[in-house]
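Per-entry structural report
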Amino acid sequence: MANYHKPEARTIQELKDIANKLRIHSITATNASKSGHPTSCSSMAEALSVLFFHVMRYKLSRPRDSSSDRFVLSKGHAAPILYAAWAEAGLFPVSDLQNLRKIDSDLEGHPTPRLNFVDVGTGSLGQGLSVACGMAYVGKYFDKASYRVYCLIGDGESAEGSIWEALHFASYYKLDNLCVILDVNRLGQSEPTSLQHNMDVYWKRLDAFGCNAIVVDGHNVEELCKAFHEASITKAKPTAVIAKTYKGKNFPTIEDQENWHGKPLGDKSEEVIQHLKSLIKNTGPLQVAPQKPLKEDAPIVDIEGVKLSSPPSYKIGENVATRFAYGTALAKIASNNSRVIALDGDTKNSTYSDRLKKAFPERYIECFIAEQNLVGVAIGATCRNRTIAFVSTFATFFTRAFDQIRMGAISETNVNFVGSHCGVSIGEDGPSQMGLEDIALFRSIPGSTVFYPSDAVSTERAVELAANTKGICFIRTSRPNTPVLYKNDEVLQIGKAKILKKSGSDKVLIIGAGVTLHEAITAANELAKVSIDVRVLDPFTVKPLDSETIIVNAKECGGRILTVEDHYPQGGLGEAVLSAVAEEKNIIVKKLAVSEVPRSGPPAVLLEKYGISSKNIVNAVQQLII
């Protein structure tokens with residue numbers, strides 16, 4: 001192979017020795033914690049030895065340096081050997097490995113970014129490769145830097161469809177800075193994997209998905225060195241190193257045996273450790289240098305203080321869909337910061353994320369109809385604060401990526417999700433397209449912020465605020481055109497509600513959002529004709545909810561609250577309000593929501609049929625004040 005220099009015999013032996021040291025650390029750490037996966041660690045020991053002590057370029061002084069290579073351990077249950085590799089490299093004392101899984105230790109059972117050498121949380125299998133794709137995309141197309149991305153996945157998790165979504169993405173975008181290592185150790189948790197050691201099938205599948213597929217003996221250090229070198233010089237496609245390995249490699253009587261998944265070795269430890277020590281030839285200090293020279297060519301990035309390039313410019317009463325205003329705002333903040341990017345799942349002409357694509361085509365990532373990968377790529381793209389990512393699709397389609405979103409919170413990610421086409425108000429497309437669970441989904445995510453803007457002005461401000469808010473943000477946008485409610489200079493804040501209609505004799509506080517806020521205003525005007533005054537509140541954010549404003553205004557309205565939402569009752573706006581007033585005396589809450597699976601029809605007909613139209617609101621108010 002061109003430019004390939006076989007490592008010296010001394011280097012080869014030392015890499016073998018390091019692999020066995022990593023195995024020993026994995027055994028002692030899992031024994032100390034009385035739990036963990038030492039056999040799963042053992043199968044990948046040579047791969048980690050070669051990567052961390054021969055191939056990868058990184059800084060021990062700053063593991064998440066912008067220019068350093070990235071490593072994603074998708075099979076997160078093998079965390080002990082990842083920790084061991086960093087300890088052997090010198091990042092922290094080897095003795096700390098004995099704190100694995102202890103309550104006061106960040107060396108958790110599966111990796112999380114509490115550790116300064118971990119970019120994302122892993123362990124919910126099948127997700128790491130999508131994240132690695134996002135990192136590699138940013139490295140190749142945005143940073144245009146030299147760093148490479150390595151992702152190690154287990155053969156068991158390769159049954160997950162999200163793995164193949166990610167491989168398709170990597171091939172389509174020619175991510176030649178991405179190297180996938182498939183640890184084919186034959187055994188799953190409860191039985192052998194479906195393909196076991198059928199390496200020909202693995203090669204054919206990965207080759208068919210557009211990878212430079214290389215089958216190696218995963219315990220042969222020299223073969224691994226050669227494969228990683230080939231990956232480094234391969235152009236226009238990702239490389240997949242398919243490593244044939246054995247679970248519990250070098251563990252006498254345990255290697256390649258079933259029923260050892262997720263178990264410390266216990267009484268067998270001493271025998272196995274003594275055998276591993278007998279395989280180590282060089283017992284002194286490391287001769288290979290764990291830190292390889294890296295090219296510090298990742299640009300300095302500033303993602304703070306993002307602003308709209310120009311304020312909203314609408315007229316009160318003008319009809320504008322909030323989804324359209326989202327696209328407008330996205331293009332505005334992108335023009336003010338070169339690191340604002342958009343990702344979509346082939347719905348860009350409906351979500352209006354295409355407004356950014358038209359303005360800055362190089363900053364738009366089409367992920368096609370593969371929402372799990374769409375979310376994973378976005379999480380990877382935001383790692384190490386390289387981008388401000390806005391991910392859009394129909395609100396209902398985020399439900400299929402709930403696990404990725406959940407893991408995004410564990411990964412301390414800052415990704416902004418925008419779900420359009422929410423509720424029955426989308427009309428004739430029917431229930432499969434209606435987001436009716438999305439607020440519940442995003443409210444349940446730890447640390448999330450849930451925006452539900454009701455007009456174009458508040459939507460633009462929601463986009464601006466989300467771009468500057470830590471954690472996961474969700475912006476719910478609607479399909480129908482709705483009147484502009486706010487002046488262009490209106491100040492909107494996270495967790496601060498707005499009172500849109502008020503009098504001194506209000507009998508009910510009506511809380512709506514999106515299309516139902518407009519129905520509430522219409523209902524209030526109808527009720528005024530029969531001398532029934534009501535107050536109308538726009539929450540702007542459902543999480544955090546402005547509990548103080550709701551409670552104060554509810555008490556001024558006789559303790560009566562009516563919530564109305566284009567969402568199922570469970571987990572939506574109504575339940576958020578109920579939680580806010582749960583400990584308050586003399587406040588009652590009546591909820592209007594979509595209480596059954598809806599059907600197709602014109603939007604106005606559906607709002608009426610499912611009990612959330614202005615007429616339904618009028619009837620509910622009259623029932624409340626009887």
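Residues numbered from 1 in each chain as written. Predicted model: local features only at pLDDT ≥ 70, side-chain atom pairs only at ≥ 80, totals over all residues. Heavy atoms only, no water.

**A closer look at helix α4 (residues 79–89)**
Rules: Working definition: with a 1.4 Å probe on protein chains only, accessible area under 20% of the residue-type maximum means buried, over 50% means exposed, and in between means partly exposed. Helix and strand assignments follow DSSP, with helices taken as H or I runs no shorter than four residues and strands as E runs no shorter than two, numbered in order from the N terminus. Here, two residues are considered to be in contact whenever any of their heavy atoms come within 4.5 Å of each other.
Within α4, 11 of the 11 residues are buried, which leaves the element mostly enclosed by the surrounding structure. Within the span of α4, buried status applies to Ala-79, Pro-80, Ile-81, Leu-82, Tyr-83, Ala-84, Ala-85, Trp-86, Ala-87, Glu-88 and Ala-89. Those residues of α4 that are buried are in contact with α1 (9–33), α2 (38–42), α3 (45–55) and β1 (70–73). Positive phi appears at Gly-90, one or two residues downstream of α4, with a value of about 110°.

**As for the packing of α1 against α3**
The criterion, for reference: To obtain an axis, a line is fitted to C-alpha atoms, over the contacting stretch when the element is a helix, and the angle between two such axes runs from 0 to 180 degrees between their N-to-C directions. Throughout this description, any angle smaller than 35 degrees is read as roughly parallel, any larger than 145 degrees as roughly antiparallel, any in the 65 to 115 degree range as roughly perpendicular, and the remainder as oblique. Here a crossing is taken to be left-handed if its near helix is turned anticlockwise relative to the far helix by less than a right angle, and right-handed if that turn runs clockwise. When residues are grouped by polarity, Ala, Val, Leu, Ile, Met, Phe, Trp, Tyr, Cys and Pro land in nonpolar, Asp, Glu, Lys and Arg in charged, and all others, Gly among them, in polar.
Between α1 and α3, whose axes approach to 8 Å, the crossing angle comes to 120°. If you check the angle between α1 and α3, you find them oblique. As α1 runs across α3, the sense of the crossing is right-handed. Only Ala-45, Glu-46, Leu-48, Ser-49, Val-50, Phe-53 and His-54 of α3 make contact with α1, whose side of the interface consists of Thr-11, Leu-15, Ile-18, Ala-19, Leu-22 and Arg-23. Residue composition of the contact of α1 with α3, grouped by class: 8 nonpolar, 3 polar and 2 charged.

**Some thoughts on the pairing of strand β15 (residues 508–512)**
Basically, it comes down to this: At least two bridges found by DSSP between two strands is the condition for calling them paired. By convention a crossover is right-handed if, when the strands point away from the viewer, the path from the first strand over the helix to the second runs clockwise.
Taken across its 5 residues, β15 has 5 buried, putting it largely inside the fold. Looking at chain direction, β15 and strand β16 (residues 534–538) are connected through 4 bridges and run parallel. When the sheet's bridge partners are listed, Ile-510 is paired in β16 with Val-536. With helix α17 (residues 515–528) bridging β15 and the parallel β16, this β-α-β connection has right-handed handedness. One ladder, built from 4 bridges, connects β15 with strand β18 (residues 560–564); its direction is parallel. Its bridge partner being in β18, Ile-511 is matched across the sheet by Thr-563.

**Observations regarding unusual backbone geometry**
Note: most residues except glycine have negative phi, and most peptide bonds are trans. In this chain, Lys-543 is followed by Pro-544 through a cis amide linkage whose omega measures -5°. If you check the backbone angles, Ala-236 has positive phi at about 70° while not being a glycine. For Ala-236, the location among the structural elements is in the loop between α8 (221–233) and β5 (239–244). Of the residues examined, Ala-236 reaches a relative accessible area of 38% and is grouped as partly exposed. A positive phi angle, close to 60°, is found at Arg-384, a residue other than glycine.

**Thoughts on the UniProt feature "domain: Transketolase-like pyrimidine-binding" (unreviewed entry) in the protein chain**
Let me state the cut-off plainly: UniProt positions are given in the numbering used here, feature names are shortened, and annotations may be inferred rather than shown by experiment.
Within this structure's numbering, the places UniProt gives as "domain: Transketolase-like pyrimidine-binding" (unreviewed entry) are residues 320–484. The span residues 320–484 is 39% helical and 20% strand by assignment, and the distance between its end C-alpha atoms comes to 7 Å.

**Quick word on the side chain of Thr-239**
In plain terms, the rule: In protein, a polar contact means a hydrogen-donor-capable atom and an acceptor-capable atom, both N or O and within 3.5 Å, with residues adjacent in sequence counting only if both atoms are side-chain atoms; elsewhere, any N or O pair within 3.5 Å suffices.
Locating Thr-239 in the fold gives a position in strand β5. The exposure class assigned to Thr-239 is buried, which follows from its relative accessible area of 1%. Polar contacts involving the side chain of Thr-239 include one to the side chain of Asn-212, which spans 3.2 Å.

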